[in-house]
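# Structure at a glance
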Amino acid sequence: MNYEQYLSDRVLNLKPSGIRRFFDLAAQMDDILSLSVGEPDFDTPLPIIQAGIRSLEKGETHYTANAGRIKLREALAIHLEKLHHVQYKPEGEIFLTVGGSEGLYITAAALLNPGDEIIIPTPCFVSYQGVSILADAKIVEVATTMENNFDLDPKEIEKAITPKTKAILLGFPSNPTGAVASREMLLEVARLAEEHDLIVISDEMYDQIIYDGEHVCFSTLPNMWERTILLGGFSKDFAMTGWRIGYACGPKPLIEKMLFIHQYIIMCVNTTAQDAAIEALQTGQEYVYEMVEEYKRRRDYIFKRLTDMGLPMVKPSGAFYAFPNISHTGLTSMEFCEQFLKEEKVAIVPGDAFGEAGKGFVRICYANSMENITEAMNRLERFMQKFN
Ligand code: PLP
């Protein structure tokens, strides 16, 4: 049978994520040291795990409200107010999603019509492209560059705006570059959004993983609350990737419609994860500070090792990725990662998996033990000798 004829064009247009292809390659080999997966190496802090267990033991094994437990939405509203001084009402302006991933999918599905253009600064998290393709939207990539510290370039964004532009999708702190967008540039983007009447989707998944400078919550900028969908989650900040819980916040008329989709495809986020997330917001903050402190120590170490090896890079200000440039080796990103994997058994990710602007770069995730990072850097140093 020719199965392709049964598949929608939308699905046929999806390309496998560069990360996934690379994982598949690494999975065929033994004893791989992997600095490729973008998730905390820490287990979820114990009190949060215990809250999940207690929830199950109490028989909390049923559906909750579609938007998630009101107690969790209330706790989240308090958390966001404290952290970013941004106000969202628990009723109507917040709902819980199955990780930030579902939030991204639903936002794209709710906002984008076929042919709408969505501007995405790249390199960016791989799903941004995927969810936009699934909404039949046209992706307009705008490069952020190493020369500009991977900060936003409002002039380039302005050039990319056409009458068909519907939205801008921002992802800061950035996976994969580790950049934290500056207030100055965000204000410029806000001005453009207002002038051209655009929606801004702001994925702030790493909002607490900041080492230098400040993270600006986009919806706190002048006149931006009314045109921003704020996406976030528990996966990275609270080391809860496997629980699959995140959130979407925004103006009620948009959130209401997004919740419609959520109702049909998910119903509600799993109840155990919701109860664990309440605990995370109530008592988990000190663990976040501890983990961020540890990531910072690793960031400093990996930055020094990579620059000492002669790999040009921007010092990451947030998230937990290093994004060095490898173009002077004469290899493409994929060739570099493949050779490094085969010769030194270390998995890192080709930068162009994150968009055109990632060509010539590789992403190294340092949410890993110091021991593994040190070993990976020793092997990379050995690997690099033939190029220097
Ligand atoms: N947004 C960014 C920038 C990410 O890096 C990720 C995961 O890597 C996500 C969203 C998705 O997170 P979740 O695991 O909560 O679905």
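Residues numbered from 1 in each chain as written. Predicted model: local features only at pLDDT ≥ 70, side-chain atom pairs only at ≥ 80, totals over all residues. Heavy atoms only, no water.

The ligand sits among Gly99, Gly100, Ser101, Phe125, Tyr128, Asn175, Asp203, Met205, Tyr206, Ser235, Lys236 and Arg244. One of the side-chain nitrogen or oxygen atoms of Asn175 is found 2.8 Å away from an oxygen atom of the ligand. Contact between the ligand and Ser235: an oxygen atom at 2.6 Å from a side-chain N or O atom of the residue. Take the shell around the ligand: its biggest share by element is three residues, from helix α5 (residues 99-111). In the shell around the ligand, the residues fall into four nonpolar, five polar and three charged. (Near = heavy atom within 4 Å. Polar contact = N/O pair within 3.5 Å; in protein donor to acceptor, adjacent residues only side chain to side chain. Helix = DSSP H or I, 4+ residues; strand = E, 2+ residues; numbered from the N terminus. Nonpolar A, V, L, I, M, F, W, Y, C, P; charged D, E, K, R; others polar.)

Next up on the list: the side chain of Thr107. Among the structural elements, Thr107 can be located in helix α5. Engagement of the side chain of Thr107 in a polar contact is seen with the backbone oxygen of Gly103, the distance being 2.5 Å. Among residues more than four places away in sequence, those in contact with Thr107 are Ile201, Ile229, Leu231 and Met258. (Contact = heavy atoms within 4.5 Å.)

Burial analysis of strand β3 (residues 117-122) places six of its six residues in the buried class, the great majority of the element. Of the two faces of β3, both are covered, the one formed by Glu117, Ile119 and Pro121 as well as the one formed by Ile118, Ile120 and Thr122. The pairing of β3 with strand β4 (residues 138-143) spans six bridges and is parallel. Within β4, the position partnered with Glu117 by the bridge is Lys138. Read from β3 through helix α6 (residues 127-134) to β4, the crossover connection turns out right-handed. (Buried < 20%, exposed > 50% of the residue type's maximum accessible area, 1.4 Å probe, protein only. Pairing = 2+ DSSP bridges. Right-handed = clockwise from strand over helix to strand, strands pointing away.)

This brings us to the sheet that holds strand β9 (residues 321-322). The three strands are arranged β9-β12-β11 in an open sheet whose pairing can be described as antiparallel. Two strands lie at the open edges of the sheet, namely β9 and β11 (349-350), each paired on one side alone. Across two bridges, β11 lies against strand β12 (residues 362-365) in antiparallel orientation. The residue bridging Val349 from the neighbouring strand is Arg363, located in β12.

A separate point is the packing of helix α4 (residues 70-84) against helix α10 (residues 271-283). Running from amino to carboxyl end, α4 crosses α10 at an angle of 30°, the nearest separation of the two axes being 9 Å. One element, α4, and the other, α10, form an angle in the roughly parallel class. The handedness of the crossing between α4 and α10 is left-handed. Touching Lys71, Leu72, Ala75, Leu76 and His79 of α4 are Gln274, Ala277, Ile278, Leu281 and Gln282, all from α10. The class makeup of the residues in the contact of α4 with α10 is six nonpolar, three polar and one charged. (Axes fitted to C-alpha atoms, helices over the stretch in contact; angles between N-to-C directions. Parallel < 35°, antiparallel > 145°, perpendicular 65-115°, else oblique. Left-handed = near helix turned anticlockwise from the far one by under 90°.)

In this model, helix α8 (residues 183-195) (13 residues) spans 18 Å end to end at C-alpha, consistent with the 18 Å of a helix rising 1.5 Å per residue. All of the buried residues in α8 are Met185, Leu186, Val189, Ala190, Leu192 and Ala193. Projected down its long axis, α8 shows its buried positions confined to an angular sector of 160°, all on one face. At its buried positions, α8 is contacted by α7 (154-160), β5 (165-170) and β6 (199-203). A positive backbone phi angle near 55° is found at Asp197, which sits one or two residues after α8. (Expected span 1.5 Å × (residues − 1). Arc of directions from axis to C-beta.)

Under the definition given, this model contains 25 salt bridges. For the salt bridge of Glu93 with Lys89, the shortest nitrogen-to-oxygen distance reads 3.8 Å. For Lys89, a relative accessible area of 52% gives the class exposed. Through salt bridges with shared partners, a single network forms among Asp41, Glu294, Arg297 and Arg298. (Salt bridge = Lys/Arg side-chain N within 4 Å of Asp/Glu carboxyl O.)

Right, let's get into the domain arrangement of the chain. It is common to give the size of an interface as the accessible area lost on bringing the parts into contact. Domain annotation of the chain identifies domain 1 (3-44 + 286-384) and domain 2 (60-284). Between domain 1 and domain 2, the contact holds 39 residues from the first and 38 residues from the second. Around 3,200 Å² of area is buried between domain 1 and domain 2 when both sides are counted, 65% of it from carbon and sulfur atoms. Inspection of the domain 1/domain 2 interface yields two salt bridges. Taking the shortest distance from any N to any O, the salt bridge between Asp136 and Arg10 comes out at 3.3 Å. (Domains from an automatic or database assignment. Buried area = accessible area lost by both parts, 1.4 Å probe.)

Quick look at empty space enclosed by the protein now. The gaps of empty space that remain are located by a probe, the size of a water molecule, rolled over the atoms. For the structure shown, the criterion picks out three cavities of 30 Å³ or more. The volume enclosed by the largest cavity comes to roughly 50 Å³. What lines the largest cavity is simply Leu170, Phe172, Leu186, Ser202, Glu204, His215, Val216 and Phe218. For the lining of the largest cavity, the residue count by class is five nonpolar, two polar and one charged. (1 Å grid on protein atoms, 1.4 Å probe; cavity = no way out; pocket = protein on both sides within 12 Å on 5 of 7 lines; lining within 4 Å. Points joined across faces, edges and corners; volume = space filled by probe spheres on them.)

Attention now moves to the nonpolar core. With 70 residues, the main nonpolar core has Phe234, Ile245, Phe320, Ile364 and Leu380 as its most contacted residues. Domain assignment of the residues forming this core places at least three in each of domain 1 (3-44 + 286-384) and domain 2 (60-284). When residues no more than four places from it in sequence are discounted, the contact partners of Phe234 are Leu72, Leu76, Leu96, Ala239, Met240, Ile245, Gly246, Tyr247, Ala277, Ala280 and Leu281. Counting 33 residues, the second largest nonpolar core, distinct from the first, contains Ile157, Leu170, Ala179 and Val200. (Core = buried A, V, L, I, M, F, W, Y, C linked by side-chain atoms within 4.5 Å.)

Attention shifts here to the packing of aromatic side chains. Taken as a whole and judged by the stated rule, the model has 20 aromatic pairs. Centre to centre, the rings of Tyr88 and Trp225 are 5.4 Å apart; their planes meet at 25°, and the pair counts as stacked. Linking Tyr88 in the loop between α4 and β2 (94-97) with Trp225 in the loop between β6 and β7 (228-233), this pair joins segments that are 137 residues apart in sequence. An aromatic cluster of at least three residues, connected via ring pairs, comprises Phe42, Tyr206, Tyr295, Phe320 and Tyr321. Its end group placed over the ring of Phe260, Lys257 keeps NZ or CZ at 5.2 Å from the ring centre. (Phe/Tyr/Trp six-rings, centres within 6.5 Å; stacked < 30°, edge-to-face > 60°. Lys NZ or Arg CZ within 6 Å of the ring centre and 35° of its normal.)

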